[in-house]
Amino acid sequence: MLAEQIFLSVLAAAVTVQAYGFGGSGWDAAYGRAKAALNKLNQTEKVGIVTGVKWMGGPCVGNTYKPSSIDYPSLCLQDSPLGVRFANPVTAFPAGINAGATWDRSLINARGAAMGAEAKGLGVNVQLGPVAGPLGKNPNSGRIWEGFSNDPYLSGVAMEETIAGMQGSGVQACAKHYIGNEQEHNRETISSNIDDRTLHELYVWPFMNAVKANVASVMCSYNKVNGSWSCENDALLNGLLKTELGFPGYIMSDWNAQHTTVNSANSGLDMTMPGSDFNNPPGSIYWGPNLEAAVANGSVPQSRLDDMVTRILASWHLVGQDEGYPPVAFSSWNGGKANVDVTGDHKSVVRAVARDSTVLLKNDNNALPLRKPKSLAIIGQDATVNPAGPNACSDRGCDTGTLAMGWGSGTAQFPYIVGPLDAIQSQAAADGTNITTSTTDDTTAAASAAASAGTAIVFINSDSGEGYITVEGNAGDRNNLDPWHNGNELVQAVAAANKNVIVVVHSVGPVILETILAQPNVKAIVWPGLPGQESGNALVDVLYGSTSPSGKLPYTIAKQFSDYGTTWTTSLVDDFTEGLFIDYRHFDENNITPRYEFGYGLSYTTFKYSDLDVNVQARPGAAEGPIVPGGVKELFDTVGTVTVTVQNSGKVAGAEVAQLYIGLPDSAPSTPPKQLRGFQKLHLAPGQREGATFELTRRDISYWDVQQQKWVVPSGTFKVYVGSSSRDIREQGSFRI
Ligand code: NOJ
């Protein structure tokens, strides 16, 4: 398809869309304003709007040129998906993976809104998040914690809520990294070879939600997909994203993920970042004057350049940045001290997300909650804040002290971390509990501290991040799924000296727990993931039971690493041969028993499920008709509901995430036995019962038909599973189509 035709088809899709609720404006109105502004710009100004000024050429990690003919700024693009990077003071929010572990739409939205408010307050136009790629097919991939879950449905809902929250606060969101950037090793050279069905049903799925949520921008990734660079892949950018999903916003390159002037432009790239030669040979400035020349000699159509500019300006108008947007209030390159304090009361959002994402994995004999214990031993370096300060390592590239975010560009500066030990000590003072500590990872010291207390709490962790930093031999991706710093030995030593051991795991993703579980004295395991600055306070909320734990695993914890069937590769080609079968889809298909399954998490209370009701009616066959942002409009129509009653059958208040999984009929080609297609978190007082309602859309009961190139609802009997996790199914039913 010619670039002009694509522009027209996308624009046509865009202008049929109704207002989307950002300050009364929508894409149609935004496009109207953008087109009017476009007419006032000269060619150099147009090129400046789509080109970065170079790395460190402005206050933000990405900056564009300011035109003089219209009232439009040098755009400020800034990391990260968990807070504003390189600035202070800011709030250091829990990582995306924790937002996912809450399974709580309103909290995920609130986190997005608070992050967006800080970005806006600091004058950031585009916040570089949220993340749906890596999706997380490899449990050891370095950046999985930046995103929400390796389940596309959960990731998709979290993308949508985060973007709605962020853009509702006025900042442009950027859904990244599109697509197939599933590992750090060789990320700038590897080709992710993904079949069309897997691409649609796993990797593109959450980006559909992002586009449906009117995300302003999408960042294409470093890697190749099926042999072509993501940022100059006509099929992925013009085809899938802009035509099939009807994306009206703009596509920016990851930092130096662009490789050509003409091909990138004609394939659908709209903005190059950071605009300089960063890591590449001098002279590799692909746009700027080179783009102007390419348009002048006809290699890039004028309409393509105009389309880039229109998309960028429209997104700026869409979120209302054309009215009174604050100026940039910090510089990334001089310590980031801001001249405003934007943090407000966001620490309460941090604490709520951290608390409600904490997963209780094991709790024998009601070891938890703690009830005014006489004595406690607190053990492990991870219980304390790095004595050199929580930001001692640049981009959090070390694992010293308690772990509360991973490392790399997906970070922010901590204003503080409430360390687990600090928070437990405050509670202990109130309770009259005697505390003994051993805050190194030394096993002898740990055992002697543990021997003197009634209960021992051991803190261990596992870290990862972006590949430009290597920490303790891990070049971004993790080398294994074991706890760091001899965490297994530390727990063993403590469990040999104390009969009531509680293990707390701060981690970027799954950790193999078999050695720890083999210790009979380990009574409880608590999983706070990457909780952000309020780490200790949120942990105390859960440990002492002021709130029942309600987080659920957003991934599977296996008994052994090889059970996942996927890992990062040192090859330059990654054939995604596992196809649709990642994480629980793989465990279910191959009858592998996980240690803790996807969706699992205990509470201090219990829940009863009853009264499943299934009411679904849909026309079989392909989704047809007009395209709205997100894809064929019909895909998002509700085709029915599943309801169930959940009762708190225990003695304390708690929250349950009721989960809906669907199994497609046999007429659909080889499909995972069950896939998450709904969830609802219910907060219930003891005895209270409430209905959970799952609305199914047409997309939820479809598969991607490669021959037809359409989403198809198969005919036959669909299985309905509702439960407390992907394996703790409490109610089953079916419907026929
Ligand atoms: C590269 C990372 O992949 C991306 O996520 C980030 O936004 C840019 N660097 C800018 O820091």
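Read on for a plain summary of the structure. Bear in mind the structure is a predicted one, so any value in this text is a computation, not a measurement.

So, how was this worked out
Residues numbered from 1 in each chain as written. Predicted model: local features only at pLDDT ≥ 70, side-chain atom pairs only at ≥ 80, totals over all residues. Heavy atoms only, no water. Helix = DSSP H or I, 4+ residues; strand = E, 2+ residues; numbered from the N terminus. Buried < 20%, exposed > 50% of the residue type's maximum accessible area, 1.4 Å probe, protein only. Contact = heavy atoms within 4.5 Å. Axes fitted to C-alpha atoms, helices over the stretch in contact; angles between N-to-C directions. Parallel < 35°, antiparallel > 145°, perpendicular 65-115°, else oblique. Left-handed = near helix turned anticlockwise from the far one by under 90°. Nonpolar A, V, L, I, M, F, W, Y, C, P; charged D, E, K, R; others polar. Near = heavy atom within 4 Å. Polar contact = N/O pair within 3.5 Å; in protein donor to acceptor, adjacent residues only side chain to side chain. Areas by Shrake-Rupley, 256 points an atom, 1.4 Å probe, with all protein chains shown as cover.

## Considerations on unusual backbone geometry
A cis geometry characterises the amide bond from Gly 133 onward to Pro 134, with omega recorded as 10°. Of note, Pro 134 is situated in the loop between strand E3 (126-127) and helix H6 (152-168). Even without being a glycine, Asn 214 presents a positive backbone phi close to 65°. Looking at where Asn 214 falls in the secondary structure, it is placed in the loop between helix H7 (196-212) and strand E6 (217-220). Under the relative-accessibility criterion, Asn 214 is labelled buried at 2%.

## Topic: the environment of Ser 192
As for its position among the elements, Ser 192 is in strand E5 (residues 191-193). In the structure, Ser 192 is positioned 148 residues away from Val 340 in sequence and 43 Å away in space, judged by C-alpha atoms. Leave out the neighbours within four places in its chain, and Ser 192 touches Gly 180, Asn 223, Lys 224, Val 225, Asn 226, Asp 574 and Phe 576.

## Focus: the packing of helix H12 (residues 346-357) against helix H17 (residues 535-543)
Closest axis-to-axis distance for the H12/H17 pair is 8 Å, and the angle between their directions is 45°. The angle between H12 and H17 places the two elements in the oblique class. Between H12 and H17 lies a crossing of right-handed hand. Residues Arg 351, Ala 354 and Arg 355 of H12 pack against Asn 537, Ala 538, Asp 541 and Val 542 of H17. Along the lines of polarity and charge, the residues of the contact of H12 with H17 split into three nonpolar, one polar and three charged.

## Describing the site of the ligand
Surrounding the ligand, one finds 13 residues, the nearest of these being Asp 79, Arg 143, Lys 176, His 177 and Asp 254. Contact distances for the ligand include 2.5 Å between an oxygen atom and a side-chain N or O atom of Asp 79. Here an oxygen atom of the ligand and a side-chain polar atom of His 177 are 2.6 Å apart. Protein coverage of the free-state accessible area of the ligand, which is 290 Å², stands at 96%. Split by residue class, the shell around the ligand holds four nonpolar, two polar and seven charged.

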